[in-house]
Amino acid sequence: MNALTEHPQTSRLTAAAPSPLLDVDGVSLEYRTRERIVQATHQVSFAVDPADRFILLGPSGCGKSTLLKAVAGFLSPQEGEIRLAGQRIDGPGADRIVVFQEFDQLLPWKTVKQNVMFPLLASRSVGKAEAEERARLYLDKVGLSGFVDAYPHTLSGGMKARVAIARALAMQPKILLMDEPFAALDALTRRKMQEELLELWEDVKFTLLFVTHSIEEALIVGNRILLLSSHPGRVRAEINSAQFDMHSSGSVTFQSTAQRIHRLLFNEQAPDVVADHDFHAVRLSY
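Chains are numbered independently. Their residues run from 1 in the order of the written sequence. For this predicted model, a pLDDT threshold of at least 70 governs which residues receive local features, and a threshold of 80 or more governs which side-chain atom pairs are given and counted, while totals over whole chains, interfaces and linings are taken from all residues. As a rule here, side-chain values come from all non-hydrogen atoms in the structure, and water together with hydrogens is ignored.

1. Overview of the side chain of Lys113
So, point 1. Note that Lys113 resides in helix α2 (residues 112-122).
So, point 2. For Lys113, a relative accessible area of 13% puts it in the buried group.
So, point 3. Aside from chain neighbours lying at most four places away, what touches Lys113 is Glu132, Ala135, Arg136, Leu139 and Val148. Each helix is a run of H or I in the DSSP string that is no shorter than four residues. Each strand is a run of E no shorter than two, and both are numbered from the N terminus. The buried label goes to any residue with under 20% of its type's maximum accessible area, the exposed label to any with over 50%, and the partly exposed label to all in between, with areas taken from a 1.4 Å probe on protein chains only. Residue contacts follow a heavy-atom distance rule, with two residues in contact if any of their heavy atoms lie within 4.5 Å.

If you want it as structure tokens, here you go:
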């Protein structure tokens, strides 16, 4: 990686740098359609530290969701390796839980509490009493303690999203994987869910790998953002976005950073009449 400049918080050259929790090392991924084999990513590398909110951002077809599936263990790399806590990922595991954007993944014949308990009991991770205790704990954390006996068809989209998140966190995975989890929600609910996700992270400090194609969402949710080029996905740059939060979107710095990300993603030149920007938080790849 050819770094233009490197932010101190993202540098791995210092002795104090923590060991990464997730290592994606030179990963190329393919998938098969009826007509042909499609290369989704080409030699993608990145590392996620404990308690990171790490974003995969790029245009449609750049392979970000395919990368998430590979981290989940659903796909095997054609090239490179993925390691979690130093161990090579060779298949799915309870140490990685995925939250998808389709909330119909909730079992309609089970209550909210039973949905959260189900993977704990199915994986035999804990007994029934502890499964119920965890379910109540995490449903309370997502604000659904009053809906433990409700059925999915009675819930709004945002509430279903909260159940899916509670179910994932109740498994206490090493890393939570979220594939555009709020894309199907209306704008107001989506913003509310982003806010609640950040509040939940402040409480639990889980490690998050989050896929989105929204630049604004990436800046709000993430503390680090990996930019992927168009198909096949290659690493374009990494940006430190820890300085932004839910209240930053109207600021000049936020807007200029969003514009810079757009230019990096689509190889656009900056307009002539633009003030110099601080590139200390950017690492570029070529």
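2. Regarding the pattern of salt bridges
So, point 1. Take a side-chain nitrogen of Lys or Arg and a carboxyl oxygen of Asp or Glu: if they are within 4 Å of each other, that pair is a salt bridge. Counted according to the given criterion, the structure contains 16 salt bridges.
So, point 2. Close ionic contact of Arg224 with Asp52 constitutes a salt bridge, the shortest N to O distance being 2.5 Å. Pair noted here: Arg224 is in strand β9 (residues 224-228) and Asp52 is in the loop between β2 (37-48) and β3 (53-57), with a separation of 172 residues, a long-range link.
So, point 3. Judged by its relative accessible area of 5%, Arg224 falls in the buried class.
So, point 4. Residue classification places Asp52 among the buried residues on the basis of a relative accessible area of 7%.
So, point 5. Connected via shared salt-bridge partners are Asp23, Asp25, Glu81, Arg83, Arg88 and Asp90.

3. Let's talk about helix α1 (residues 64-72)
So, point 1. The element α1 is largely enclosed, with a buried count of seven among its nine residues.
So, point 2. Within the sequence span of α1, burial applies to Lys64, Thr66, Leu67, Leu68, Ala70, Val71 and Ala72.

4. Some thoughts on the packing of aromatic side chains
So, point 1. Centre distance within 6.5 Å is the pairing criterion for rings of Phe, Tyr and Trp, where only the six-membered ring of Trp is used; planes under 30 degrees apart are then read as stacked, over 60 as edge-to-face, and the remainder as tilted. Enumeration over the complete set of coordinates arrives at three aromatic pairs.
So, point 2. Measuring from ring centre to ring centre gives 5.1 Å for Phe46 and Phe54, while their planes differ by 15 degrees; the resulting arrangement is stacked. Here Phe46 matches Phe54 in class, with each residue buried.
So, point 3. Judged by centre distance (6.1 Å) and plane angle (55 degrees), the ring pair of Phe182 and Phe210 falls under tilted.

5. Examining unusual backbone geometry
So, point 1. With an omega dihedral of -10 degrees, the bond running from His231 to Pro232 counts as a cis peptide bond.
So, point 2. Following the sequence through the fold, Pro232 ends up in the loop between β9 and β10 (235-240).
So, point 3. One non-glycine residue with positive phi stands out, namely Ala51, at about 70 degrees.
So, point 4. Along the chain, Ala51 falls in the loop between β2 and β3.
So, point 5. Overall, the relative accessible area of 25% leaves Ala51 in the partly exposed class.

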